[in-house]
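Reading the structure
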Amino acid sequence: MIGYVGTGSSFFECIRYCLQDKKELSEEKKQELSLKDNLQHRNRAEVLSYNKCFGNLKELSGQFIDVAKLSKRVEKPVFHFSLRLAPGETLTKNQLIEIGRECAKEFGVADNQYICVLHKDTNEQHIHIVANRVGYNSKVASDSNSYKRMAALCRKLEKQYKLQEVLSPRAFLSPKDRLLPRQDKRKEKLKTDIRQTLEKVCSYSEFEQKMQALGYKLIKGRGISFIDDKKVKVKGSEVGFSLAKIERVLALKRELATKKAEQKIYEAAILHDTTKHQTLSLAQRMLLETQRAAHIEHSPIVTVIKELSSLLEQLLQPVDTANYLPYELTEEGIKRRKKKQKNHKI
């Protein structure tokens, strides 16, 4: 079982996503996909349970907002959970309702407003739970350690319902379990595409154009992110290519190109100088050629070219990002979140 937990500020958008069909699909596309994969893309959502709420999208979001107003300090009153079974596994609707209830209980919102929704447009059975972090008593459910709590809940549910066990998020595995290979094919492909593209270009504009030709949308700010054709967003740092590293590689390639051009000019000058001595004997010309080769080989520019090439090769080496830890799970990220929570007294 794979679990997701997130917080947000808009009940309407979160509930809309859970209750409605995917908005980028036309009615014709829904029908086409349904015939192709035998899944339900039209009316994909089925509400399994309402807890202290009722109604359609507009009514539900209005009720959630009214209760959230009981706390004036919470910035993100929305709790959004998702629980997905492994391929080939299925549970009854009553069991899925129980799982939704267990999730709400684990995150302290069992007595709050929440809905549990089953989606039918994927091969893997999965549910969404949208809950109000604010209760009728105006208390706010904590979102601290949410990743760890979700991982523990998934392991518990797997045992309870005899489901296939899925590895916990790597941050919470034992040192021994962290050695188990876990590759994300999407990230591995992105990593390869970035590295191969950087080998071919010397400027950011060229890099951006070639990555776009491969189907990626680039978002550049303080860092860099890549969105693939499946609308999945991945930070460059997650695959070993931060914006700083990409810019460093491109700068080195430009510097290397400049040095190689200087070396060609230097070699041309030496060659021109040797052509002035055509009247020399064969032995003298051979000696001159040897001296010329030595001058070229020991040129200070050649030394710089070798150093730049070596550094560039190191930067473009495949990087193991299996142990990448999102910022929010790093020690600094956790401290920052706790400080923010303390300041807001949530």
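All values reported here derive from a predicted model rather than from experimental measurement. (Residues numbered from 1 in each chain as written. Predicted model: local features only at pLDDT ≥ 70, side-chain atom pairs only at ≥ 80, totals over all residues. Heavy atoms only, no water.)

1. So, the overall build of the chain
Check the secondary structure of the chain and you find 11 helices and 8 strands. Within the chain, the fraction of its 346 residues that count as buried is 38%. Taking contacts inside the chain between residues at least 6 apart in sequence as the whole, the part at least 24 apart equals 68%. When the accessible surface of the chain is summed, it comes to about 21100 Å², and 52% of that surface belongs to carbon and sulfur atoms. (Helix = DSSP H or I, 4+ residues; strand = E, 2+ residues; numbered from the N terminus. Buried < 20%, exposed > 50% of the residue type's maximum accessible area, 1.4 Å probe, protein only. Contact = heavy atoms within 4.5 Å. Areas by Shrake-Rupley, 256 points an atom, 1.4 Å probe, with all protein chains shown as cover.)

2. Notes on the side chain of R16
Here R16 lies in helix α1 (residues 11-19). Not counting chain neighbours up to four residues away, the residues in contact with R16 comprise K23 and L57.

3. What to know about the sheet that holds strand β8 (residues 233-235)
If you walk across this open sheet you meet the 3 strands as β6-β7-β8, and the pairing is antiparallel. Edge positions in the sheet fall to β6 (217-220) and β8, since each of these pairs with one other strand and no more. Strand after strand, the sheet turns through a mean of 25 degrees between neighbouring axes, direction not considered. The pairing of β6 with strand β7 (residues 224-227) spans 4 bridges and is antiparallel. Looking at the pairing, K220 lines up with I224 of β7. (Pairing = 2+ DSSP bridges. Axes fitted to C-alpha atoms, helices over the stretch in contact; angles between N-to-C directions.)

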